[in-house]
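# Overview (structure and organization)
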Amino acid sequence: MIMRNSLCHVLALIILTIGSYGQTTALSTRGMTSRKAMDRDLLEVTIPRLEKLYSSHTYTVTEVVRWYLARIEKYNGIYRAVQNLDVPGALATAAGEDAEAKMGGFVRGPLWGVPIVTKANTSIKGLVTTDGWKGYIIPGHELVAPEDATIIKKLRAAGAIILGQTNMPDFAASDTNRSTAYGRTGNAYDVRFSPGGSSGGTVTAITSNFALLGNGTDTGNSIRMPAATSSVVGIFPTRGLVSIAGIAPLDWLLDNTGPIARDVTDAAIALDVMAGEDSLDPATAGSQDKAQRGPYTQYLKPDALKGKRFAVPAFILDGDPPAFQGVCPNATAAQLAKAKEESSTPLNPATRTAFLKAVKEVTAAGATVLIDPQIMPDSFADAASHICTLPYLREGTDNFLAGFGPAQYHSSVEYEHAVGKPLPGVIIGGDKTGMFAAVDIQQTTLETDPQAEITLRRPRRELLAMYEAELDRLHLDGFIYPAIQMPPVDETMPQDGRLSEGPHSATGWVNMLGVPAISFPAGFYDNGLPFGIEISTRKWHDGDMIGWVYDYELHTHHRRPPVLVERGLLPTAAQPPAP
C-alpha cells in the first residue's frame, strides 16, 4: 500500500513548478510580523541565532518555514536549485513542532525548527528519489522511497524541517549541475555560471537562503568543489563517520555524505546529528571508538590555527590528479595513459593567485604552510590511479535498490524488466563502465572477488600509508589546496568548441582514501564569483579540521551573500555586495 498511497502525493510533487502554489506559501499579513523584519532576521540566520528567535517567541516554526517557502517561490524559477518541494509535509511538521513547544517539559533537539533541503539522491519516505535522472520519474515506474535514508531519520529526530529535494546531475555523475529530471541549476552569484556538481543544487539553495542547511554527497569532489563556487562550507567526513545507507550510489566505495552550510558552526552542529554507527552501512562499524568525540562545536576555538603545520600537494598545483574510479590491473598501457590524460586538470592562473592569497591568510593566523614540488608529487596521483572501484558498481546499485527501491524493482535486473530498458552503465557497468566509459570491466561482488586485493584493497592501503608517511615526515597537521582548479564556468556559451562539463577539481583522491576534508570560503575572483580552499587531515580527526576552519573564518569573514535576481540577467549580478 505504500507505493499506491504515495503516488498521488509523489506525482503532485514531481510535476510541481515552483511558483504554482503561491497562496499556499505566501506569507500572510494577518497576525504575523512584517516581512521586512523577517527578511532582516532570517537572511543569513545561523542555527544558534534561530534558536534564540524561537526561545524569545519572536517567530513560530510555521512562520519561519513559510518565509523560506516564499523565498523559494520568488527565486527558484531563475536558479532552479530545488527540484521537488514537500510543502504539505514541511508545514505539517512545522505545525507539530509549534504545538510541541507549548507542552510542559519540552526540550528542543539540536536542529529543532531548522528548515533544510536534501539532495535528490537521498531517500525520503514517500517521495521520489529522482537521483537527477529522468528514468526514475517515468510515470508508473517512479523510484518512490519506502523508507528514509539513515541521515534523514537522524535529521528528523533532531527536529529539522525538510522543505524538499535539491537538483543534481544524473546519478551525481558530473562536475556541473544539469539534470535530465529537472534541467540546469545556476550559480547564485551569477545564474549564467555553473555552481559545480553534483551537489550544485544544495549549494545554490543554501547560499541563496532557500534553506538554512542541506546535505550533499561526494564521490570525487561533489560536496567540496560546489561549495567552493558558492561561498559555503562543505564537509566530507571521514568515510564511515556518517552512514550512506539510503543514498542512491554513483560508486558506493567512494561515496560519502556530509553537511553544507553557510558557516562552520552550523556545519559542525549538523555533522554531530548526522554522525553515528549504522548496521545498514558496514563502513560505520566501530566509528564511535575511532572518531574524535563530539560535540564538534567543542573544537571551534579562536587561535586553533596557531602553531599548526600544513603543506600543499604538488600534484594538485601541477594539475595531475588520479584517474577517477581508477584503472584496473588488466588495463593496457594505452588505457592507463588515456585515463591519466582524461583526468588532467590544469590549475587556472587566477585560481593559483587566489589560493596563494588564502595561504597568506592562513599563515597570518599563526600556521605554517609548506610549498615544495617534492611534497606529494605526481607519483602520489599515479599510485592513487591504481585504486580501481569499477568492477563493483552494480553491487552498490543493487544493494541500494534492495533496501530503498520501490515495490516494482529491487535490483537492476528488476528495473529492466519493469521499465523495458536497463539502467545506464555509469551505475551498473556493462559494455562501458563508469563516468569515463572504461571497457572490458566485468562486474562482480567485492566480498567474493579473488582479485579484490590487487584491484582495490592493497593499492588503497599503500596510498594511505604514503599519505600518512608524508604527514609524519614533515610533522604536518594536514594538507591545504584549492578546492577547485578553475573559476566557475560560463554555461551560456561553448568554450573550446563545446559546452563546459566543469568546473573541475583535483580532489578525488580524498574519496579513494576516505580521509576527512572540508571546503570553505576564501574570497572572490575579480568578477565577483566565489573562490574556496580545502583542508584534509588524518582519518577520524574531523573535529580538529573543523576547528582550524573556524579560526580562519574568524580571521577573514569571507562569506558574502549573493544578490539574487527575479527575472533575466543583470550585468551586476556577479558582484558581491560591499562589506
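Residues numbered from 1 in each chain as written. Predicted model: local features only at pLDDT ≥ 70, side-chain atom pairs only at ≥ 80, totals over all residues. Heavy atoms only, no water.

### Details of the overall build of the protein
Heads up, the rule is: Every helix listed is a DSSP run of H or I at least four residues long, and every strand listed is a run of E at least two residues long, numbered separately from the N terminus. Our radius of gyration looks at C-alpha atoms and nothing else; its globule reference is 2.2 Å times the residue count to the power 0.38. Accessible area is worked out with a 1.4 Å probe on protein chains only. A residue is then buried under 20% of its type maximum, exposed over 50%, and partly exposed in between. Any two residues having at least one pair of non-hydrogen atoms within 4.5 Å are treated as being in contact.
If you tally the helices and strands in the protein, you get 21 helices and 15 strands. Taking 25 Å as the expected radius of gyration for a compact globule of 579 residues, we find that the protein reaches 22 Å, a close match to that expectation. Across the 579 residues of the protein, 60% fall into the buried class. Within the protein, contacts between residues separated by at least 24 positions form 77% of all contacts whose residues are at least 6 apart in sequence.

### Looking at the state of the cysteines
The condition that has to hold: For this text, the term disulfide refers to a pair of cysteine sulfurs within 2.5 Å.
In the structure shown here, the tally under the stated rule is one disulfide. Disulfide pairing is shown between Cys-328 and Cys-388; the S-S distance is 2.0 Å. On the sign convention where negative means left-handed, the S-S torsion of about -50° between Cys-328 and Cys-388 marks this disulfide as left-handed. On the criterion of sequence distance, the pair formed by Cys-328 in the loop between α12 (314-317) and α13 (333-343) and Cys-388 in the loop between α15 (378-384) and α16 (393-404) is long-range, its members being 60 residues apart. Given a relative accessible area of 10%, Cys-328 falls into the buried group.

### With respect to the environment of Ser-222
Test applied: Under the rule applied, a polar contact is a pair of N or O atoms within 3.5 Å (in protein, one hydrogen donor and one hydrogen acceptor; residues adjacent in sequence only if both atoms are side-chain atoms).
You can see Ser-222 is positioned in the loop between β6 (213-217) and α9 (224-229). Among all residues touching Ser-222, those that are not within four sequence positions of it are Lys-119, Ala-172, Gly-197, Ser-198, Ser-199 and Thr-217. Within the local environment of Ser-222, its side chain forms a polar contact with the backbone nitrogen of Ser-198, the two atoms lying 3.0 Å apart.

### Looking at helix α21 (residues 542-556)
Going by this rule: How far a helix is expected to stretch is found by multiplying one less than its residue total by 1.5 Å.
Over its 15 residues, α21 runs 21 Å from end to end, which matches the ideal 21 Å to within 8%, given 1.5 Å per residue. Counting buried positions along α21 gives eleven out of 15 residues, so the element sits mostly inside the fold. At its buried positions, α21 is contacted by β7 (233-236), α10 (264-274), β9 (309-312), α14 (349-364), β14 (517-524) and β15 (530-537). Just downstream of α21, His-557 is the residue with a positive phi angle, here 50°.

### Side note on the side chain of Ser-174
Note on placement: Ser-174 falls in the loop between β3 (161-166) and β4 (178-179). Only 3.1 Å separates the side chain of Ser-174 from the backbone nitrogen of Thr-176, close enough to count as a polar contact. In contact with Ser-174, not counting residues within four places along its chain, are Pro-169, Gly-197, Ser-198, Met-435 and Glu-501.

### Some details on the pairing of β9
Where we set the bar: What makes two strands pair is DSSP finding at least two bridges between them.
In this structure, β9 lies alongside strand β10 (residues 368-371), joined through four bridges in parallel fashion. Of the residues in β10, the one forming a bridge with Phe-310 is Val-369.

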